Amino acid sequence: MSKPTLKVGITGGIGSGKTTICRIFETLGIPVYFADERAKKLMTEDAKIRAGLTEIFGEKAYLPDSNLDRKHLASVVFKDKEKLRALEGVVHPAVHRDGEEWHRAQQNVPYTLREAALLVENGSYKKLDKLIVVFAPEETRIRRVMQRDGAERAAVEARIKAQLPDAEKMKVSDFVIYNDGEQSLIRQVLQVHRVLSNRDL
Ligand code: ATP
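Quick notes on the packing of aromatic side chains
Under the definition given, this model contains three aromatic pairs. Geometrically, the ring pair formed by phenylalanine 25 and tyrosine 111 is edge-to-face, given 6.4 Å between the ring centres and 85 degrees between the ring planes. Within this pair, whereas phenylalanine 25 is found in helix 1 (residues 18-27), its partner tyrosine 111 is found in strand 3 (residues 111-115), the two being separated by 86 residues in sequence. Per residue, the accessibility class of phenylalanine 25 equals that of tyrosine 111, and both read buried. For the pair phenylalanine 135 and tyrosine 178, a centre-to-centre distance of 5.7 Å together with 65 degrees between the ring planes defines the contact as edge-to-face. Of this pair, phenylalanine 135 sits in strand 4 (residues 130-135) while tyrosine 178 sits in strand 5 (residues 175-178), and the two are 43 residues apart along the sequence. Positioned above the aromatic ring of tyrosine 62 is the side chain of arginine 50, whose terminal nitrogen or guanidinium carbon lies 3.9 Å from the ring centre.

Here it is, written out as structure tokens:
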């Protein structure tokens, strides 16, 4: 009997290199669910989420062109923790269900990856079989994000401060991939891939 496809999470702080590393896994044939990207899409396209968000934020949740008014929502939840929780209560379960459905549809692969910035913070890593944490030194992350997004140093630093420290994420991880520019990424990905494929866990 074939083994069930494992659900593996991959997370890490802003600019740690999650997306870059997932692209390497994809070249090995591993399907990746980019949860944050998918959540953005569902917030615009999924009828249930639209109804839920309109109930919480009123008609202002969406722009006249029917896209989500991200700026408005961000400014409201920044000041109102209860609204933030309500938003998460609508979006997280829907994205989780969507991710489960997607996972079930992946055939003949040893495991799938779910990439998300928040997997440890919200406890959702507990629903996964294994967890990979991507680590990069803070200064490297700041430099990479400033370059990628044209962002100010202070803005990147503020986002890093708002996230759970890497050490906390690493405590609950099964694998750590060091994206510090010194250790070979490909070698580390291949090593994790080999373990997850052979299941000598
Ligand atoms: P976010 O949390 O913001 O989505 P992320 O963890 O997905 O970020 P990436 O987008 O993969 O991180 O990487 C951040 C930036 O750093 C990108 O521009 C990427 O090309 C670059 N980068 C990632 N890893 C390396 C590396 N080893 N060497 C050079 N540049 C890198």
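Quick word on the packing of helix 2 (residues 35-45) against helix 3 (residues 47-57)
Where helix 2 contacts helix 3, the axes come no closer than 6 Å and their chain directions differ by 75 degrees. Our classification of the angle between helix 2 and helix 3 gives roughly perpendicular. Where helix 2 abuts helix 3, its residues Leu42, Met43, Thr44 and Glu45 lie against Ala47, Ile49, Arg50 and Leu53.

Details of the site of the ligand
Around the ligand sit Gly13, Ile14, Gly15, Ser16, Gly17, Lys18, Thr19, Thr20, Glu115, Arg144, Arg148 and Asn179, and those are all the residues in its vicinity. One nitrogen or oxygen atom from the side chain of asparagine 179 is found 2.7 Å from a nitrogen atom belonging to the ligand. Protein chains shield 68% of the accessible area of the ligand, which is 630 Å² for the free molecule. Of all the elements in the fold, those that place two or more residues in the shell around the ligand are helix 1 and helix 6 (138-149). Here the shell around the ligand takes three residues from helix 1, the largest share from any one element.

Some thoughts on the packing of helix 6 against helix 7 (residues 153-162)
The N-to-C vectors of helix 6 and helix 7 enclose an angle of 130 degrees; their axes lie 9 Å apart at closest approach. Looking at the two axes, helix 6 sits oblique to helix 7. As helix 6 runs across helix 7, the sense of the crossing is right-handed. Side by side, helix 6 and helix 7 meet where Glu138, Glu139, Arg141, Ile142, Val145 and Met146 of the first sit next to Arg153, Val156, Glu157 and Ile160 of the second. Taken together, the residues of the contact of helix 6 with helix 7 sort by class into five nonpolar, no polar and five charged.

Here's the deal with the domain arrangement of the protein
Size of an interface, as often reported, equals the accessible area lost when the parts are brought together. With domains assigned, the protein is organised as domain 1 (1-31 + 111-201) and domain 2 (36-105). The C-alpha centroid of domain 2 is placed 24 Å from the C-alpha centroid of domain 1. Taken together, the contact between domain 1 and domain 2 spans 12 residues of the former and seven residues of the latter. Among the residues domain 1 hides against domain 2, the three largest losses belong to Lys7, Arg114 and Lys127. Together they make up 47% of the total. For the interface between domain 1 and domain 2, the tally reads two salt bridges. For arginine 114, the salt bridge goes to glutamate 100, with nearest N and O atoms at 3.3 Å. Linking domain 1 with domain 2 are six residue pairs in polar contact (both at pLDDT 80 or more), by the criterion used here.

Each value, and the rule that gives it
Every chain's residues receive numbers from 1 upward, in the order its sequence appears when written. With pLDDT at 70 or above as the cut-off, local features in this predicted model cover only qualifying residues; side-chain atom pairs require 80 or more to be listed or tallied, and sums for whole chains, interfaces and linings still use all residues. Only hydrogens and water are set aside; all other atoms, that is, all heavy atoms of the structure, feed into the side-chain values. In this analysis, rings of Phe, Tyr and Trp, with Trp reduced to its six-membered ring, are considered paired at centre separations within 6.5 Å, and the interplanar angle assigns stacked below 30 degrees, edge-to-face beyond 60, and tilted for intermediate values. Here a strand is any run of E in DSSP of at least two residues, a helix any run of H or I of at least four, and the numbering for each starts at the N terminus. Each residue is assigned to one of three classes by its accessible area relative to the maximum for its type, calculated with a 1.4 Å probe on protein chains only: buried under 20%, partly exposed between the two thresholds, exposed over 50%. In our convention, an over-ring charge means Lys NZ or Arg CZ found within 6 Å of a ring centre and within 35 degrees of that ring's normal. Between the N-to-C directions of two axes lies an angle of 0 to 180 degrees, each axis being a line fitted to C-alpha atoms and, for a helix, fitted only over the stretch in contact. Roughly parallel here means an angle under 35 degrees, roughly antiparallel means over 145, roughly perpendicular means 65 to 115, and every remaining angle is called oblique. The contact criterion used is simple: two residues touch if any of their non-hydrogen atoms lie within 4.5 Å. Distances are taken per atom, and a residue is near a molecule or strand as soon as one of its heavy atoms is within 4 Å of it. Nitrogen and oxygen atoms within 3.5 Å of one another constitute a polar contact, given that in protein one can donate a hydrogen and the other can accept it, and given that sequence-neighbouring residues count only through two side-chain atoms. Note on areas: these come from Shrake-Rupley sampling with a 1.4 Å probe, and a residue is covered only by the protein chains present in the view. Crossings are assigned a handedness: left-handed for a near helix turned anticlockwise from the far helix by less than a right angle, right-handed for a clockwise turn. Gly is put with the polar residues, along with every residue not named as nonpolar or charged; the nonpolar set is Ala, Val, Leu, Ile, Met, Phe, Trp, Tyr, Cys and Pro, and the charged set is Asp, Glu, Lys and Arg. Domain delimitation in this document rests on an assignment produced automatically or drawn from a domain database. The buried area of a pairing is the accessible area, by a 1.4 Å probe, that goes missing from both parts when the two are put together, added over both. For this document, the term salt bridge refers to a Lys or Arg side-chain nitrogen within 4 Å of an Asp or Glu carboxyl oxygen.

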